[in-house]
Structures are given as structure tokens and as C-alpha cells.
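Letter by letter, the chains look like this.
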Amino acid sequence: MNWDEPTETAGDRPGGTADRLVGPDADGEDTAVEAALRPKDLEEFVGQERVREQLDLVLRAARARGATADHVLLSGAPGLGKTTLSMIIAAEMGAPIRITSGPAIQHAGDLAAILSSLQEGEVLFLDEIHRMSRPAEEMLYMAMEDFRVDVIVGKGPGATAIPLELPPFTLVGATTRAGLLPPPLRDRFGFTGHMEFYAPGELERVIHRSAGLLDVHIEADGAAEIAGRSRGTPRIANRLLRRVRDYAQVKADGVITREIASQALDVYEVDGRGLDRLDRAVLTALLKLFGGGPVGLSTLAVAVGEERETVEEVAEPFLVREGLLARTPRGRIATPAAWAHLGLTPPRQQAPGGGQQGLFGA
């Protein structure tokens, strides 16, 4: 329901995550379905209560003044609703929206062409803004603050800067890595909102709404089962809903119950905590081959037959967030929760905080 339509494809991620049912990036099918399921206003938007309330105040005040809304920066993991909120901002302000991305703007001229064609009050959504080129970024400073850009004509000593006035517009920047934004750019946003992962109850509301739009009959316990395996991400919740719908239509009477949802997601290898094959392979290798660690990242990657970057950037973030794995200076270690989740018993030498004791019990 509330999720993004990122310009960075799943295949751009380390190792490629397009085939992961619980991957946060959107594939072609997600993009097509999301367009039909997106909420149209803040009242319909589920979750992100604090960001939604603050943004509502910003937009109402701008409308009351008859002015363009302040520039907005939205940060957070993929699939939490940044693109959806940008479209809602445009709808609430009664303005058109133009969508582009940081990687698509490689030269200052690319940005100048976009800015010079904006209409007054238009919303410019810039996804993955931290990946924009430095020359374009510096041009954006002046455009955001003074609604003006200097277009350089000519080269060398004969080059001339021609000032170009811009109509007032609202920039909505989205980033999955806010720490990579330089302070001068961050400071030019009038409102900054951080998107949090969703609670299971919020995801249940997302699933019920999407099921209604998709004409799927789902019971409350079925929605709860899907929500519990959705990693706190609406995009994943909706993807799992579609796969469970398929299973229910083929194997049952089309009604999604807890039992049907559980059976379907077991077929797709998504367990009760949202771990998939790759996640469990990493944990299993860490526990069974290395006694819970510590073990180096490269060694762990070889053990599961994946690239180092795939393990570090695709599998580990969720395992760490779930408290199943910890990164330490000595290497990766499993937590007691990891042993419990896989139904294994830690070796006797396992230290209370994870990892093995030294040779002398230290």
C-alpha cells in the first residue's frame, strides 16, 4: 500500500535481489500493481503517524498562505512509502509532479534542463538524491534557496554565466542513505521526515486495504500471518499477499486464512520471522560450521556460496535488525535468538553474549 517505486532496480543491488520474495526493491510487477494500490491522500495513508502529522501541518500552512510548500526530504529503507508520500504532497497542493532520480542526473546541464521546464508550484521528486553528481548538487543549492540557476555558456576564459530565474517549486528528495547527503544540501530542506519500519498491526491494515482493492477475501488471522513475515515493509506485505492469493486460488477456495497463508509462505520459503533461503543459509553456516562465530565476512560468504557484498548488504541488515546476528571487530557472531530460531543448542563453550570463549576460558 504505502511503498516506493524506486528508480534503482533490484538488479542494481549487490548480488541482485530481484528474485527475492522478501527483497525491498520493486520489480516490474510491483511497479505495475503499486500504481493501482497507492493511497491518494494523507488520511488514507497507513502508518508513519509522526511524519504524516508533521507533513500535514506543513502542507496546510502552505495552502493557507497561498505559497509553495517547503522542500521535503524523506529518508528510510526502500518500500516504506517515500514515492507515495511525494505523490500525496503534489495531490494535497493541487500541483503536478515530475519524477526523476539522482543516478539519472550526471551533469549540471541535466538538472538545469529539468528545472527550467518546471511550472510554478510543481513538485519535483528526486529519488536516491544522494547519488546525484557533485556539479548538479551544487547547482541544486541555488535553485532550492533562490529559485535561480546559473547556466554556463562557453568554455575556458570566455565562459559566461547566464542567470536563469525559476518559478517557485517544491523539491521532494528521497534517500535510503541520509548520511551520504552533504550538510549544505540537507540544510536547505524545510522539512525532513524519517520513515520507520511498520509495526505488525499497521501492516495488517495495509494488507486488508490491498486485499479489498485486489478483490481478495482475507480473514483477520490470515492478514496477521502475512504481516508477521513482511519484515515491517508494506511493499513486501503486498508482494506476499499476491503470492498467498495465488496459492489460495489454486489449493483452496480462494479465502486466505492463517493456515492457508502459512502453507503458502512455507512453499515460498519465507519463515515465521520473514527469513528466506539466503537468510537461513547465512545463519545455518554461522551456527553449524563455525559454532556461532566469530567468523570473518569473506569466510562466511564462501561458506554459503555467495559474494561478500551479497551477504553484507542483502542478508545481514535484516538479520542484525532482528537481533539474530551481530557485527563485531572480530567478525560475525550469532546471538542466542539465532540458535533458538533454528532450533539448535549452542555449544558449551558459547559465551553468554555470542561468540566462543578463548582457549583459556577468557
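Residues numbered from 1 in each chain as written. Predicted model: local features only at pLDDT ≥ 70, side-chain atom pairs only at ≥ 80, totals over all residues. Heavy atoms only, no water.

Caption draft 1: Layout of the packing of helix 11 (residues 277-289) against helix 12 (residues 297-304). One way to put it is that helix 11 packs onto helix 12 with a least axis distance of 9 Å and a crossing angle of 110°. The orientation of helix 11 relative to helix 12 falls into the category roughly perpendicular. Of the residues in helix 12, those in contact with Ala281, Val282, Ala285, Leu286 and Leu289 of helix 11 are Leu300, Ala303 and Val304. In the contact of helix 11 with helix 12, the residues fall into eight nonpolar, no polar and no charged. (Axes fitted to C-alpha atoms, helices over the stretch in contact; angles between N-to-C directions. Helix = DSSP H or I, 4+ residues; strand = E, 2+ residues; numbered from the N terminus. Parallel < 35°, antiparallel > 145°, perpendicular 65-115°, else oblique. Contact = heavy atoms within 4.5 Å. Nonpolar A, V, L, I, M, F, W, Y, C, P; charged D, E, K, R; others polar.)

Caption draft 2: Region of the structure containing the pattern of salt bridges. The final tally for this structure, using the stated rule, is 18 salt bridges. The salt bridge involving Arg258 is made with Glu225; its shortest N-O contact spans 2.9 Å. In this pair, Arg258 sits in helix 10 (residues 258-267) while Glu225 sits in helix 8 (residues 220-228), placing the two residues 33 residues apart along the sequence. On the accessibility criterion, Arg258 (39% relative accessible area) is partly exposed. Counted as one network, the salt bridges with shared partners bring together Glu225, Arg229, Arg258 and Asp266. (Salt bridge = Lys/Arg side-chain N within 4 Å of Asp/Glu carboxyl O. Buried < 20%, exposed > 50% of the residue type's maximum accessible area, 1.4 Å probe, protein only.)

Caption draft 3: Layout of unusual backbone geometry. Cis geometry marks the peptide bond from Gly293 to Pro294; its omega dihedral reads 5°. Assignment of secondary structure puts Pro294 in the loop between helix 11 and helix 12. Even without being glycine, Asp215 reaches a positive phi, approximately 60°. Checked against the element boundaries, Asp215 lands in the loop between helix 7 (200-213) and helix 8. Owing to a relative accessible area of 73%, Asp215 belongs among the exposed residues under this scheme. Phi is positive for Glu269, close to 60°, though the residue is something other than glycine. Tracing the backbone shows Glu269 in the loop between helix 10 and helix 11. Of the residues examined, Glu269 reaches a relative accessible area of 43% and is grouped as partly exposed.

Caption draft 4: Structural context of the packing of helix 8 against helix 10. Where helix 8 contacts helix 10, the two axes come as close as 7 Å, and the packing angle between them is 30°. The pairing of helix 8 with helix 10 is recorded here as roughly parallel in orientation. Within the contact between the two elements, helix 8 uses Asp221, Gly222, Ala224, Glu225 and Ile226 and helix 10 uses Arg258, Ala261, Ser262 and Leu265. Tallied by class, the residues present in the contact of helix 8 with helix 10 amount to four nonpolar, two polar and three charged.

Caption draft 5: Quick look at the nonpolar core. Counting residues in each nonpolar core, the largest one holds 48 residues, and the members touching the most others are Leu55, Leu85, Ile207, Ile218, Ile226 and Ile256. In terms of residue count, the dominant contributor to this core is helix 9 (residues 234-251) (seven residues). One finds Met139, Tyr141, Phe169 and Leu185 within the second-largest nonpolar core, a separate group that totals 24 residues. (Core = buried A, V, L, I, M, F, W, Y, C linked by side-chain atoms within 4.5 Å.)

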